[in-house]
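# Examination of the molecular architecture
Here's the letter readout for the chains.
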Amino acid sequence: MDKQYTDVGIAEEHAVAYASALAKMGAKPIFAVMSSFIQRAYDQLSQDLCLNSSPVTMLVYWGGISNADATHLCVFDIPLISNIPNMVYLAPTCKEEYLNMLDWSVNQTRYPVAIRVPSCKLIASGVNDNTDYSILNKYEVKEKGEEIAILGLGNFYNLAQVVRDEIKRVLGINATLINPKFITGIDSELLENLKSNHSLVITLEDGVLDGGFGEKISRFYSNSDMKVITYGAMKEFTDRVSLKELYQRYHLTKELIVSDIQKILQKVR
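Our focus in this paragraph is the nonpolar core. In terms of nonpolar packing, the biggest core is built from 52 residues, with Met58, Leu90 and Leu194 touching the most fellow members. If sequence neighbours within four positions are ignored, methionine 58 has contacts with Phe31, Val33, Ile38, Leu45, Ile81, Met87, Val113, Ala114 and Ile115.

See the structure below:
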């Protein structure tokens, strides 16, 4: 087993270039990295990995809003990784999705693939994930509804479920619940179909909003009547600020989100 493991220390730049070269020679490298250190290897991600479409599997750990110090914030990986051409960035919500994504990534040969390993407790859903991830950017509708659609990405899928229940309780609306799975692209067909019986789309992502997943959804609807509210972190450096305070600041509680929705619906209706 030791022969299949290389410790490059804290040389993330070398790790990415090295993994890209291994993949080009037919190996199946898996590169594990902490979200906050992606910035060190950005040049290699773009020029060595994605430009060459090297089929490396990259496991990104601890991605999400946290109470960490300013040099270990893990909220910037989505904008950094997901906007590089050829990259496929995936966000599992459960054990089954994570393992299926990992199997697909290791066995495919077309793309560099990053998987945002959940920073929350990875729970088994008890249902096999049979998604064919070679069909890129196909979202999964978990609960069909109307008027409001909620896209809960990765870590925040559970929050999306809670918000859906709160919308039902407070507003009497059965919202549509969507698990995007793909961070790097949009499901144009699904988003277009939502226009027929929805007036509001909510996105929830455990990371900074600027350049993030929600912006892609908002941009898709920018020339339509669809209203979009994006939830995530502000673009700022925080330093050991409690999660409770950050979630209040960013309106990442079911009560604050539903309050925002009520205000928007009053304008839409």
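More follows now that the structure is in view.
Bringing helix H2 (residues 42–50) into the picture now. Every α-helix carries 3.6 residues per turn, so stepping three or four residues along brings you back to the same face. Taken together, the buried positions of H2 are occupied by Gln44, Leu45, Leu49 and Cys50. Seen from one end, H2 has its buried residues packed into an arc of 140°, which puts them on one side. In this structure, the buried residues of H2 make contact with helix H1 (12–24) and strand S2 (57–61).

Taken together, the five strands give an open sheet; going across it, the order is S5-S7-S6-S8-S9, and neighbouring strands pair in mixed fashion. Each end of this open sheet is capped by a strand with a single partner; those strands are strand S5 (140–143) and strand S9 (227–233). Sheet twist, expressed as the average angle between the axes of neighbouring strands with direction ignored, equals 25°. Against the sheet, helix H5 (residues 157–171) contacts S5, strand S6 (147–152), strand S7 (176–179) and strand S8 (198–208), and its axis sits at roughly 160° relative to S6.

The next thing to look at is the layout of surface pockets. In this structure, the largest pocket spans a volume of roughly 770 Å³. Around the largest pocket, the lining comprises 25 residues; the ones closest to its centre are Tyr5, Thr6, Ile30, Phe31 and Ala32. Here the residues of the lining of the largest pocket sort into 17 nonpolar, three polar and five charged. Computed from the structure, the second largest pocket encloses a volume of approximately 330 Å³. Thr93, Cys94, Glu97, Ser125 and Lys142 are the residues nearest the centre of the second largest pocket, which is lined by 22 residues in total. In the lining of the second largest pocket, the residues fall into seven nonpolar, seven polar and eight charged.

What follows covers empty space enclosed by the protein. If a probe as big as a water molecule is rolled over the atoms, it shows which places are left empty. Scanning the entire structure with this criterion turns up two cavities of 30 Å³ or more. Taken as a whole, the largest cavity holds about 70 Å³ of empty space. In terms of lining, the largest cavity is formed by Gly64, Ile65, Ser66, Leu73, Val75, Ala233, Met234, Glu236, Thr238, Leu246 and Tyr250. Here the lining of the largest cavity is composed, by residue class, of seven nonpolar, three polar and one charged. As for the second largest cavity, its lining consists of Ile78, Ala91, Arg116, Leu153, Gly154, Asn155, Glu205 and Asp206. For the lining of the second largest cavity, the class distribution of residues is three nonpolar, two polar and three charged.

A few words on the sheet that holds S2. Strand order in the open sheet formed by four strands is S1-S2-S4-S3, and the pairing between neighbours is parallel. Strands at the two margins of the open sheet, each flanked by one partner only, are strand S1 (30–34) and strand S3 (88–90). Neighbour-to-neighbour, the strand axes of this sheet turn through a mean angle of 20°, independent of strand direction. Two elements, S2 and strand S4 (residues 113–116), share four bridges in a ladder whose sense is parallel.

Conventions we followed
Residues numbered from 1 in each chain as written. Predicted model: local features only at pLDDT ≥ 70, side-chain atom pairs only at ≥ 80, totals over all residues. Heavy atoms only, no water. Core = buried A, V, L, I, M, F, W, Y, C linked by side-chain atoms within 4.5 Å. Buried < 20%, exposed > 50% of the residue type's maximum accessible area, 1.4 Å probe, protein only. Contact = heavy atoms within 4.5 Å. Helix = DSSP H or I, 4+ residues; strand = E, 2+ residues; numbered from the N terminus. Arc of directions from axis to C-beta. Pairing = 2+ DSSP bridges. Axes fitted to C-alpha atoms, helices over the stretch in contact; angles between N-to-C directions. 1 Å grid on protein atoms, 1.4 Å probe; cavity = no way out; pocket = protein on both sides within 12 Å on 5 of 7 lines; lining within 4 Å. Points joined across faces, edges and corners; volume = space filled by probe spheres on them. Nonpolar A, V, L, I, M, F, W, Y, C, P; charged D, E, K, R; others polar.

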